[in-house]
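Next come the chains, spelled out residue by residue.
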Amino acid sequence: MPTVVDAVIPTDNGLFLVRDVDATSRAARLAAFQASRIPNSRRGRLCAAASGILLVRGAHQMTCPRIRIEVLDVAPADEPPWHWEPRTTLELATGRLVVEADPSFPLDVPEVHLPDGPGRYAVALGDTGRAKMQQEAARVGGATLSASSDDSFAAWRSLDGTEQYLIRLWPDRRNG
């Protein structure tokens, strides 16, 4: 399994996107956010795909998760220790992906060129460390209430990579 991206990234209030390079419109982002909503609830799904965007919600607003993106030829088996979300699909106009948190600040993460180019891709998202991140965030939040900004920043950065995501993509060759 070739790993295309393996990086610890900042998030935008706990959110990050894996998106087609052309999925930049407000309408595309809104579609991804709408897909992540749970009807009649204030909560959102951990991940959702729409309009060439995979939106992922971290365990906490201060999370800086480790993400790994793998591009495969065929559907993989779900492996431990990952907790796997229901599989989804992405329609990719260019077959080139970027990882994004805040669109104003590009991440130092390489662009992913999918060998099969534009088209429909199946997506499996696994996570690990979410519960630990929530627990540690509560601890750090309480411990830094009266800390200096430098100490507070260092305490939050000590949690970088606690939460992890494995994102696997492969061509969806099903008809329809």
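Before any of the text, the structure's been laid out above.
Note that this is a predicted model, so its numbers are computed, not measured.

Undergrad: Help me understand the overall build of the protein, please; the structure alone is not making it clear to me.
TA: Looking only at helices and strands, one finds 3 helices and 11 strands in the protein. Its C-alpha atoms give the protein principal-axis dimensions of about 55 × 35 × 35 Å. Residues counted as buried form 46% of the 176 residues belonging to the protein. Restricting to contacts in the protein with at least 6 residues of sequence separation, those with at least 24 account for 79%. Summed over all atoms, the accessible surface of the protein reaches about 9400 Å², with 49% contributed by carbon and sulfur.

Undergrad: Teacher, can you tell me more about the sheet that holds strand β3 (residues 47–50) here?
TA: For sheets, the rule is that strands pair by backbone hydrogen bonds, running either parallel or antiparallel. On the basis of which strands lie adjacent, the open sheet formed by 5 strands has the order β3-β4-β2-β8-β9 and antiparallel pairing. Across the chains shown, the open sheet's two edge strands, defined by having one partner strand only, are β3 and β9 (112–113). Contacts from helix α1 (residues 26–36) reach β2 (15–20), β3, β4 (53–57) and β8 (96–100) within the one sheet, and its direction differs from that of β3 by about 140°.

Undergrad: Help me understand helix α2 (residues 130–143) in this model?
TA: For the α-helix, the turn length of 3.6 residues means that residues three or four positions removed from each other point alike. Across its 14 residues, α2 extends 20 Å between first and last C-alpha, which sits within 8% of the 20 Å expected from 1.5 Å per residue. Along α2, the residues classified as buried are R130, M133, E136, A137 and V140. Take α2 and look down its axis: the buried residues cluster within an arc of 120°, on one side only. Counted as exposed and oriented over 90 degrees from the buried face of α2: A131, K132, Q135, A138 and A143. Taken together, the buried residues of α2 touch β4, β10 (119–128), α3 (149–157) and β11 (164–171).

Undergrad: Help me understand the pairing of β8, please; the structure alone is not making it clear to me.
TA: For a regular strand, side chains alternate in direction, first toward one face of the sheet and then toward the other. The buried fraction of β8 amounts to 4 of the 5 residues, a majority that puts the element mostly inside the structure. Where β2 and β8 come together, 4 bridges link them in antiparallel fashion. By the bridge assignment, D20 is partnered in β8 with L97. Judged from the 2 bridges that link them, β8 and β9 form a sheet pairing that is antiparallel. Paired with L97 across the bridge in β9 is V112.

Scoring rules and cut-offs
Residues numbered from 1 in each chain as written. Predicted model: local features only at pLDDT ≥ 70, side-chain atom pairs only at ≥ 80, totals over all residues. Heavy atoms only, no water. Helix = DSSP H or I, 4+ residues; strand = E, 2+ residues; numbered from the N terminus. Buried < 20%, exposed > 50% of the residue type's maximum accessible area, 1.4 Å probe, protein only. Contact = heavy atoms within 4.5 Å. Areas by Shrake-Rupley, 256 points an atom, 1.4 Å probe, with all protein chains shown as cover. Pairing = 2+ DSSP bridges. Axes fitted to C-alpha atoms, helices over the stretch in contact; angles between N-to-C directions. Expected span 1.5 Å × (residues − 1). Arc of directions from axis to C-beta.

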